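Overview (structure and organization)
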Amino acid sequence: MKRNLLLAVAFLATFTVWAQNIAVVSPSNETTIYQTLDDAVAGATNGSVVYLPGGGFQIKGETKIDKRITLMGVSHRGDTDNVDGATVIAGNLNFVKGSSGSAVIGMYVSGNINLSEDSIDNIVVRHCNINSIQIKNSTCTGTYVNQCYLRNLSRFAGANGKLSNCICSAVVDVNGCDILNNIFLKSVEIDRYRSHALYADNSIITGNIIVATGHHNTYYTGAIPSAYVGGSNNTGSHNMTKGGEWGDNGVDIGGETDWNIVFEKYNQGSISLNSNFHLTGDYKQYDGKIGIYGGTGFTNEALAPIPRIVSKKVAEQTDGTGKLKIEVTVKAQ
Amino acid sequence: MNRIHPSPRLIGLSLLLLCTMAARAQAGLEYWFDSYSDPKLVPMPMAAGTIKTGLNCTDLTDGFHTLYIRAKSSDGYYSPVSSSSFIKFAASSSDSKLEYWFDKDVDKRGATTIDIEKGENQMLELDLSDASVFPLGIHQLSMRVAAYGGYYSPVYTDLVMKLPSGTGESVLEYWFDDNITRKASFPINILSGDVQKLELDMTNVSSFPLGFHRLSMRVAAYGSQYSPIYTAYVMRLPIGGNTQLTYWLDDDYEKGRHVIAGKFGAGYGNFPDFSTTYFLSSLDFSYASAGMHRLHYRITTGNGFDEGVVYEVPILVTQRYNQQTDVTVVSEEFWLDEQADYVGGSFLPQSVVIRSYTLNPNDYSEGQHAFHVQYKNSAEVWSAQNVTYFYKDSATGQLRVGKKPLDTTDITSTSDTESFTCVYRDGMIYIDCQSSKLGKTGAIVVSDISGKIFARQTVENTDGIHAIVDVNCNPHQLLIVKLISNGECRTQKLIAM
């Protein structure tokens, strides 16, 4: 006997829909307002800046960025003085053919920044907190990641670029990169043969702190590389490691030294805003030289280089003269 | 060496594109009302500072409006847009009066003249006997005083309900999380055709769990007439000696958190453990922009030292007055389990959608299934997914709504009372703990090794803690299960097989 089940779903439209306003400013300085990030990306033209206020935005998986745009948030940190809090994107940012020269600045991204199989050059990611960078094609060039939190394993697929002043879980398969003043905290399984926090070839590796060491298992048949940096043909100096040195003028904290006494707040190596990677104690002399505060530096506030509204008081109603009283404080960055 | 150096010139291209629009411009605060058109600029002499001014609204119609602002720097950069809502009223009269309106109909507001002297306090009495134009049910009543000389009071809002004319018993029905089958009700005593303030006593609502809920209410009048459903969001909180609620939006813990202390029984520590409910609309989100945010909240109970589990829920901040009144549902998508092929269609715009979906048991394998549906409204925004779980009963071949009951007959409790039994099966985790050191309540948190939370659940100690937690994770996922109670955290790891 055929039995049917009726699922009655009552949906009340009493909920209110009022999305944030995303301003897209074209190269000719014309502004268009969108309600969703998907629409803003679709409506942006080559060279547009997409201004994302504080708050949450979803981006659909099928949304592809196929033009040169700058996604400009406020900050990935909620504890800044921006009136609307942090800019948070739920989903992945998928860059495809035509998006070379795009930038992502000042936002938290729950997913990855993906560069598709197309050859995509000169993508800039700054002041962001993202799950990872996933580059699919070794011919992508000039990817520049600066002052970011990379919460999980990032793969460069043999592509080149520059990684500087970032707090990283692990970054692997980079080729011909400048890797400067980063912290690598987790040794992550790259494939069935090897685990590393940093795996690079033909790269300059200077001023980094490599907390986690890698290893190869017995099935690996190639030449065993360094436990600190996997790969070959790398050069560099002034990197901090534990239990050995890597490169020229390396700083070995000693095999018995706990990272807790090296950093202000090691926080078990957590890639978190609660961690503090300033060097302290005997290692304070290296602060500002090695690690994220060295080189071009690291700004804790992670603010995008735009003005921001830090307070606003808007009257509930117009006054007797028909005017609306407002008091707004603006800060420049 | 096959080394390719990224060109600094190329690397800087993206930043350069920002500079291409950096023609010198007047810095200031740009603003517009309702929709982007002809923005005005309030000039600022410096790149940073405070603007205090009155914006001319004479061209706006009476009613609700939204102000949008953004800062503009002299080099052409903008801040993101920030919005606030307000009410535009017509020029004031010389009389003092009490103005009131229902729901969002500010342009249909009524007024009662008040005989009040300057500096005098007077109890307001609002005669709603002529409020015959608005329909049966629950409504938001807004009031303000328009005093002589063009001064206005802030707007005061409250919930009221109205009965139609008729005879017989009327009740207020309410239920949580769209589970109308578990609705509760209590009689209301309002004169036929009258309006009365809504008093909803939910201190005895013990059947729904702690945390964030959607409350639905309606008036059932004289056994035959039902009002439209009114929804609000509420939190059910536990009561303890020094209970306090801390909440914040997004990751804005440092700046944006609010603490409500002592509202839930502070100073009454000897009272029995009971719960109360807090209307979410009473929480202060005035600093947030309209739109989607993540609400975090934590309840601290008992001795004040227990930092409760942080809960996270997505919410839509609407702001008080910018609600669109003409939003309707226009289309739908539905799918089964994790099938990528969406099915759905469009239908005539309507404010309430009641749909039936027919499933054939022959089309489904035995075991657990999930039916997903979401709706799009006329503002082109999709609702959250509504997920209905059902399973095919292996004995009868019938489909049944709900999660397939977890068979725990072959699970034996651990003999170590300080640990706990923890078994994953069919998308659920069975947890059993018998320790004598447990508190009255506990919390179960399921995460992966990176800390991503899959489930949180508050549990009560009834001769030990016994719970079944739904977990939506990938197959073969390594899970960390934490049982937190009485200040102790017990942890186990398991694999979702």
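This part is about the overall build of chain A. Tallying secondary structure elements over chain A gives one helix and 33 strands in all. Across the 333 residues of chain A, 61% fall into the buried class. Of all intrachain contacts in chain A linking residues separated by at least 6 positions in sequence, the fraction that spans at least 24 positions is 41%. For chain A, the computed accessible surface area is about 11,900 Å², with 45% contributed by carbon and sulfur atoms.

Applying the stated criterion across every chain, the model contains ten aromatic pairs over all chains. Both rings, one in A:Tyr51 and one in B:Tyr78, keep their centres 6.0 Å apart while their planes meet at 85°; by these two values the pair is edge-to-face. Of this pair, A:Tyr51 sits in strand β4 (residues 49–51) while B:Tyr78 sits in the loop between β4 (63–72) and β5 (82–88), placing the two residues on different chains. The pair A:Tyr51 / B:Tyr78 is uniform in exposure class, with both members buried. Note on A:Tyr149 and A:Phe298: the rings are 6.1 Å apart at their centroids and 65° apart in plane angle, and the pair reads as edge-to-face. Pair noted here: A:Tyr149 is in strand β15 (residues 149–150) and A:Phe298 is in the loop between β31 (276–279) and β32 (308–314), with a separation of 149 residues, a long-range link. By the burial criterion, A:Tyr149 is buried, and A:Phe298 matches it. Of note, B:Arg70 hangs over the ring of B:Tyr78, and the distance from its end group to the ring centre comes to 3.6 Å.

Residue and element names in this part refer to chain A. Residues Leu37, Val50 and Leu93 are the most contacted members of the largest nonpolar core, which totals 52 residues. Listed by contribution, the elements that provide at least two residues to this core are β2 (22–25), α1 (37–43), β9 (93–95), β11 (108–115), β13 (129–135), β19 (171–175), β20 (177–180) and β24 (198–201). In this structure, this core is formed jointly by two domains, domain 1 (1–147) and domain 2 (159–298), each of which donates at least three residues.

This part takes up the pairing of strand β14 (residues 143–146) of chain A. Residues and elements named next belong to chain A. Residues of β14 alternate between two faces, with Thr143 and Val145 on one and Tyr144 and Asn146 on the opposite face, all of them buried. One ladder, built from three bridges, connects strand β12 (residues 124–126) with β14; its direction is parallel. Residue pairing for β14: arginine 126 is matched across the bridge by asparagine 146. The pairing of β14 with strand β17 (residues 161–164) spans four bridges and is classified as parallel. When the bridges of β17 are listed, threonine 143 appears paired with glycine 161.

All names here are of chain B. Strands sit in the order β2-β1-β4-β5 across an open sheet of four strands; the sheet is antiparallel. In this open sheet, the two strands that pair with only one neighbour each are β2 (40–43) and β5. Each adjacent strand pair in this sheet contributes to an overall mean axis angle of 30°, direction not counted. Sheet topology note: the strand β1 (residues 28–33)/β4 ladder contains six bridges and is antiparallel. Looking at β4, one finds that phenylalanine 33 is bridged to leucine 67.

Residue and element names in this part refer to chain A. Mapped onto the fold, glutamine 134 is located in strand β13. Given a relative accessible area of 15%, glutamine 134 falls into the buried group. There is a polar contact of 2.8 Å between the side chain of glutamine 134 and the side chain of serine 132. Side-chain polar atoms of glutamine 134 contact the backbone oxygen of leucine 153, separated by 2.9 Å. Leave out the neighbours within four places in its chain, and glutamine 134 touches Asn112, Ile113, Asn114, Leu115, Leu153, Ser154 and Arg155.

Okay, the sheet that holds β20(A) next. All names here are of chain A. Read across the open sheet, the ten strands follow the order β3-β2-β4-β7-β10-β12-β14-β17-β20-β25; overall the sheet is mixed. Two strands bound the open sheet, and with one partner strand each, they are β3 (31–34) and β25 (204–206). The mean angle between the axes of side-by-side strands here comes to 10°, regardless of whether they run parallel or antiparallel.

Definitions and cut-offs
Here the residue numbers are simple positions, counted from 1 along each chain's written sequence. Chains carry letters from A onward and ligands carry numbers from 1 onward, assigned in written order. Note on the predicted model: pLDDT of at least 70 is required for a residue's local features to be given, and 80 or more for side-chain atom pairs to be given and counted; whole-chain, interface and lining totals, by contrast, use all residues. The basis for every side-chain value is the complete set of non-hydrogen atoms in the structure, without hydrogens or water. Helix and strand labels come from DSSP, where a helix needs a run of H or I of at least four residues and a strand needs a run of E of at least two; each type is numbered from the N terminus. Per-residue accessibility, obtained with a 1.4 Å probe over protein chains only, is compared with the maximum for each type, and a residue is labelled buried under 20%, exposed over 50%, and partly exposed between these values. What makes two residues a contact is simply this: any of their non-hydrogen atoms within 4.5 Å. All accessibility values rest on the Shrake-Rupley procedure with a 1.4 Å probe; residue burial counts only the protein chains present in the view. Stacked, tilted and edge-to-face pairs are distinguished by plane angle, under 30 degrees for stacked and over 60 for edge-to-face with tilted covering the rest, among Phe, Tyr and Trp rings (Trp via its six-membered ring) whose centres lie within 6.5 Å. For a ring to carry a charge above it, either NZ of a lysine or CZ of an arginine must fall within 6 Å of the ring centroid while also lying within 35 degrees of the normal to the ring plane. For our purposes a nonpolar core is just a set of buried Ala, Val, Leu, Ile, Met, Phe, Trp, Tyr and Cys residues, chained together by side-chain atoms within 4.5 Å. These domain boundaries are the output of an automatic or database domain assignment. In this description, strands pair whenever DSSP reports at least two bridges between them. Under this scheme, a helix contributes an axis fitted over its contacting stretch, all axes are lines through C-alpha atoms, and angles between N-to-C directions fall in the 0 to 180 degree range. Polar contact is the term for a pair of N or O atoms within 3.5 Å; when the atoms are in protein, one must be able to donate a hydrogen and the other to accept it, and sequence-neighboring residues count only if both atoms are side-chain atoms.

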